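Below, each chain spelled out in residue letters.
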Amino acid sequence: MDAINFCFWPSSSSSAKNGLEYEHLAIALRKVAEIDDISDDRQGHADSGDSSTYVRAESSYALSPSNLTTLTATKLQSLLQPHFPSSSESIVYELPEIDVRCRLLNELGTGLRDHHNGSALNMISKSNQSADALVRIILETFSGFRDYVDRDSWTNKCDACDWDAAKSSTSVIHFYKRAQIAVADIWAALGRCSTSSQRCHFTDMKLITTFPDYRVPQILRQVGALQYTPELAAKVDNQEELDEGGVDEVEIRAGTVVAVEEMVELVKKHLIDISEADSSKQTKKNNLHKLLEDVSAVTIDWYLWQRGEKEDRLNLLGPHHRVRTTYY
């Protein structure tokens, strides 16, 4: 999901809005995987009479690394489109930049095959329960996750230098939105509250920043945590496309990261103040440490994103900034 989690708003129609959102793509991918599971179960019974002893070829799964390496845009479209909502004259549900997304899925399959023995679990295990290490592994394996900007030229990707140079350059700003959210998603699903998968129980989630995309700065601006200059506000409110890697985009994203880090500290301070003022309730004091541990840029991001999604559905939010990018 996080390999192709970016830029849902563009529409191929001049008269219809693209209504596709993150949730529609996530549901479609889940249904593709569920169809694989159903087919696996039926085939297992047919071949061996007992699906528990049936071992299915990895290549037969639609989203296996081996199939991702050879996936075509046409095949990707045929897998996902049936699971999207039906379109109408005023709203369409289509996945923009299908060729680019297919290329990134090709890279995902190739990277897992060539560097991690075709296994995402092998890749995760190499992190030794470090979220920060897993972000770095993802960046080293998949170039499509390398979300950085060169301040010297204010362009996305510094064309004048290679990846090794970019990592150490003092003129490069690194965001890594999709790499970090991929790690957070793995942690949330398999490590945060589960003891069954220790390899996903990352011990340094506080090193992960917020995920600077469209929705989080949109809600931060709505509540006054971010303020735009009149010139930038006019561009955003008029839904003008900003330059990818340009000053306006970078300032919005960097401001989002800083704002959320400050919110983390304010929430922690508030929890401590409440605990100190409520000396009669020892149980709450005992839970303070656990509460403080759970407050991070990741959990604050989740709250802001969910609130933003809810308010957007109610048409309570102003426009978000628009950039055609593969990074968010």
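What counts as what
- Residues numbered from 1 in each chain as written.
- Predicted model: local features only at pLDDT ≥ 70, side-chain atom pairs only at ≥ 80, totals over all residues.
- Heavy atoms only, no water.
- Salt bridge = Lys/Arg side-chain N within 4 Å of Asp/Glu carboxyl O.
- Helix = DSSP H or I, 4+ residues; strand = E, 2+ residues; numbered from the N terminus.
- Core = buried A, V, L, I, M, F, W, Y, C linked by side-chain atoms within 4.5 Å.
- Buried < 20%, exposed > 50% of the residue type's maximum accessible area, 1.4 Å probe, protein only.
- Contact = heavy atoms within 4.5 Å.
- pLDDT = per-residue confidence, 0-100.
- 1 Å grid on protein atoms, 1.4 Å probe; cavity = no way out; pocket = protein on both sides within 12 Å on 5 of 7 lines; lining within 4 Å.
- Points joined across faces, edges and corners; volume = space filled by probe spheres on them.
- Expected span 1.5 Å × (residues − 1).
- Polar contact = N/O pair within 3.5 Å; in protein donor to acceptor, adjacent residues only side chain to side chain.
- Phe/Tyr/Trp six-rings, centres within 6.5 Å; stacked < 30°, edge-to-face > 60°.

### Considerations on the pattern of salt bridges
(1) Moving on: Overall, the coordinates contain 18 salt bridges when judged by the stated rule.
(2) Moving on: Between R313 and E309 there is a salt bridge whose closest N-O contact spans 3.8 Å. Placement of both R313 and E309 in helix α13 (residues 297-313) is noted, with a separation of four residues, approximately one turn of the helix.
(3) Moving on: By sharing partners, the salt bridges in this structure join E21, E23, R215, E309, D312 and R313 into a single network.

### Some words on the nonpolar core
(1) Moving on: Counting residues in hydrophobic clusters, the biggest one holds 80 residues, and the most contacted among them are L80, L134, I138 and F202.
(2) Moving on: Setting aside chain neighbours within four positions, we find I138 in contact with M123, F145, A179, A182 and V183.

### Some remarks on the side chain of T210
(1) Moving on: Within the secondary structure layout, T210 lies in the loop between α8 (177-191) and α9 (215-222).
(2) Moving on: Those residues within four positions of T210 in sequence are excluded, and the remaining contacts are Q180, V216, T256, V257, V260, A297 and D301.

### A look at the confidence of the model for the protein
(1) Moving on: Of all residues in the protein, 88% attain a pLDDT of 70 or more, and the chain-wide mean is 90.
(2) Moving on: Overall, residues 51-55 carries pLDDT values under 50, and its contacts beyond four positions in sequence, including any with other chains, amount to nine contacts.

### A short note on the environment of S275
(1) Moving on: Topologically, S275 is positioned in helix α11 (residues 247-277).
(2) Moving on: For S275, a relative accessible area of 10% corresponds to the buried category.
(3) Moving on: Distance from S275 to L288, taken between C-alpha atoms, is 7.2 Å for residues 13 residues apart in sequence.

### Section: the layout of surface pockets
A probe matching the size of a water molecule, rolled over the atoms, marks out where space remains unfilled.
(1) Moving on: Estimates place the volume of the largest pocket at around 1200 Å³.
(2) Moving on: Forming the walls of the largest pocket are 32 residues, and the residues nearest its centre are M1, D2, L63, L108 and A120.
(3) Moving on: Those elements that provide at least two residues to the lining of the largest pocket are α1 (22-48), α2 (65-70), α4 (98-115), α5 (120-125) and α8.
(4) Moving on: Sorting elements by how many residues they give to the lining of the largest pocket places α1 first, with six residues.

### Some remarks on α4
(1) Moving on: Here α4 spans 25 Å end to end across 18 residues, near enough to the 26 Å set by a 1.5 Å rise per residue.
(2) Moving on: On its buried face, α4 is in contact with α2, α3 (73-80), α5, α6 (131-141) and α8.
(3) Moving on: Following α4 by one or two positions, N117 has its phi on the positive side, about 55 degrees.

### Side note on the environment of R146
(1) Moving on: Note that R146 resides in the loop between α6 and β3 (148-150).
(2) Moving on: A sequence separation of 17 residues divides R146 from W163, and the C-alpha atoms of the two residues are 8.5 Å apart.
(3) Moving on: There is a polar contact of 3.2 Å between the side chain of R146 and the backbone oxygen of E140.

### Some thoughts on the packing of aromatic side chains
Two aromatic rings, taken as a pair, are described by how far apart their centres are and by the angle between their planes.
(1) Moving on: What the rule picks out here adds up to six aromatic pairs.
(2) Moving on: Measuring from centroid to centroid gives 5.7 Å for Y22 and W305, while their planes differ by 80 degrees, and the two rings are edge-to-face. Here W305 lies in helix α13 and Y22 lies in helix α1, a separation of 283 residues in the sequence.
(3) Moving on: Y22 gets classed as partly exposed once you look at its relative accessible area, which sits at 24%.
(4) Moving on: Accessibility expressed as a relative area gives 26% for W305, which makes it partly exposed.
(5) Moving on: When the centroid spacing of 5.9 Å and the interplanar angle of 20 degrees are considered together, the rings of W187 and W302 count as stacked. Highlighted residues: W187 in helix α8 and W302 in helix α13, separated in sequence by 115 residues.

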